[in-house]
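# Commentary on secondary and tertiary structure
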Amino acid sequence: MTDKDKLRAWLPGLWESVRNWHFPLFQPEAEYPLPQILLGTLTALLVERISPSSGNILQAMTQKCSHAINSCPEADLYQCNPIQLTLAIRVIEEQGVPASARAREYFSYIEDAINDGSLFRWQVPAFELLIRKSLTFNAGASFDLGKFDNYASNFGQILGQIEAETAFGMKTAEIGPVLRTLLYAGGSRAISRNDIASGARALRCLNYVAAVGEDRSEVDHLFDAICARQESLGHFGTDANAPGDELRRVFECLWAIAEVATPYRLFKDLGVTGATARGG
């Protein structure tokens, strides 16, 4: 066991703490808006994949999520985070429940939104993976990782482009040392400003472009900084934000922790392969 492994011997406890926080939150009688149920379902998937239990948390969340999607008012459905909603639909399918008519309608809506340019170009590869078909983006210009004028304002776009270029960690991609340093700096700054969800996403993206054999100290530093923000109750961060913000932090942190600490890849788990991506 390496020194780093010894320092991270507490990781199983991290997952168990999240499970203990998550389970009472989503009791059958508890009612939450769909965006929070989506995050709760995706969190349950990560917990059960990395730290399986004998319970049925994922099955229960899948049933709750399927009902919430099918009963959600149309206006509210289309206000949800599109990637989180599409991921949750794939989780429901993975649990043996065929896509409902509502889910198929939503996939058609995403295709139309991409075709008319309503979504960002760098989101297209994610939906190609999730909808499992080639999509055409008919507006705007591509975002070039090699050219940036204002790194801070483009941070979200850069993360999205890295996710696209790497098929969410299922393909290899390279970025220059300057941009990699700025990616690390952006993640560190986000964590220091208590934007833990953005810091966790930056960690995940940095891990995607950190080649085997390269110095991974920056990945390790962000990883430990994210893990250190877990509270004793199991969630991440100390601010008393709205439940939706807390759930988003937990999901983004667990997604990053799972993919840095293990070979797990969320998109691959949901039946997506790197070959589905453009150029794969």
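Scroll up a little and you will see the structure.
On a predicted model such as this, the values are computed, not experimentally measured, just so you know. (Residues numbered from 1 in each chain as written. Predicted model: local features only at pLDDT ≥ 70, side-chain atom pairs only at ≥ 80, totals over all residues. Heavy atoms only, no water.)

## Structural notes on the overall build of the protein chain
- The helix and strand tally for the protein chain stands at 14 helices and zero strands.
- A total of 280 residues make up the protein chain; the buried ones form 51% of that total.
- Of the roughly 13,100 Å² that the protein chain leaves accessible, carbon and sulfur atoms contribute 51%. (Helix = DSSP H or I, 4+ residues; strand = E, 2+ residues; numbered from the N terminus. Buried < 20%, exposed > 50% of the residue type's maximum accessible area, 1.4 Å probe, protein only. Areas by Shrake-Rupley, 256 points an atom, 1.4 Å probe, with all protein chains shown as cover.)

## So, helix H2 (residues 11–25)
- Relative to the 21 Å expected for 15 residues at 1.5 Å per residue, H2 spans 22 Å between its end C-alpha atoms, a close match to the ideal helical length.
- Next to the buried residues of H2 lie helix H3 (34–50), helix H4 (57–71), helix H12 (217–227) and helix H13 (243–261). (Expected span 1.5 Å × (residues − 1). Contact = heavy atoms within 4.5 Å.)

## Brief notes about the nonpolar core
- Ranked by size, the top nonpolar core spans 86 residues in total, and within it Ile69, Leu183, Leu254, Ile257 and Leu266 carry the most contacts.
- Counting residues per element, this core draws most heavily on H13, at ten residues.
- Setting aside residues up to four positions removed in sequence, Leu266 forms contacts with Leu45, Leu46, Leu87, Phe251, Trp255 and Glu259. (Core = buried A, V, L, I, M, F, W, Y, C linked by side-chain atoms within 4.5 Å.)

## Concerning the side chain of Ser51
- Residue placement: Ser51 occurs in the loop between H3 and H4.
- The contacts of Ser51, once residues within four sequence positions are left out, are Trp15 and Arg19.

## Here's the deal with the packing of aromatic side chains
- Evaluated as defined, the whole model comprises eight aromatic pairs.
- Aromatic pair Tyr78 and Tyr109: ring centres 4.4 Å apart, planes at 65 degrees, arrangement edge-to-face. Here the residue Tyr78 occupies a position in the loop between helix H5 (74–77) and helix H6 (82–94), and Tyr109 occupies one in helix H7 (residues 101–115), the gap between them amounting to 31 residues.
- Residue classification places Tyr78 among the partly exposed residues on the basis of a relative accessible area of 23%.
- Pairing Phe168 with Trp255 gives two aromatic rings, centres 6.1 Å apart and planes at 5 degrees, and the pair type is stacked. Within this pair, whereas Phe168 is found in the loop between helix H9 (155–165) and helix H10 (177–192), its partner Trp255 is found in helix H13, the two being separated by 87 residues in sequence.
- On the basis of relative accessible area, Phe168 is assigned to the buried category, the value being 3%.
- A residue is classified by how much of its surface remains accessible, and Trp255, at 4% relative accessible area, is buried.
- Taken together, the aromatic side chains of Phe168, Phe251, Trp255 and Phe267 make up a single cluster linked through ring pairs. (Phe/Tyr/Trp six-rings, centres within 6.5 Å; stacked < 30°, edge-to-face > 60°.)

## Some points on the pattern of salt bridges
- Under the criterion given, the structure shown has eight salt bridges.
- Across the salt bridge formed by Glu163 and Arg204, the nearest N and O atoms sit 2.8 Å from each other. Within this pair, whereas Glu163 is found in helix H9, its partner Arg204 is found in helix H11 (residues 196–209), the two being separated by 41 residues in sequence. Assigned by exposure class, Glu163 and Arg204 land together as buried.
- Connected via shared salt-bridge partners are Glu163, Arg201, Arg204 and Glu252. (Salt bridge = Lys/Arg side-chain N within 4 Å of Asp/Glu carboxyl O.)

## Examining unusual backbone geometry
- Although it is not a glycine, Ala167 adopts a positive phi angle of roughly 50 degrees.
- With respect to the helices and strands, Ala167 occurs in the loop between H9 and H10.
- Here Ala167 falls in the buried class, since its relative accessible area comes to 0%.
- One non-glycine residue, Asn194, adopts positive backbone phi at about 70 degrees.
- With respect to the element layout, Asn194 can be found in the loop between H10 and H11.

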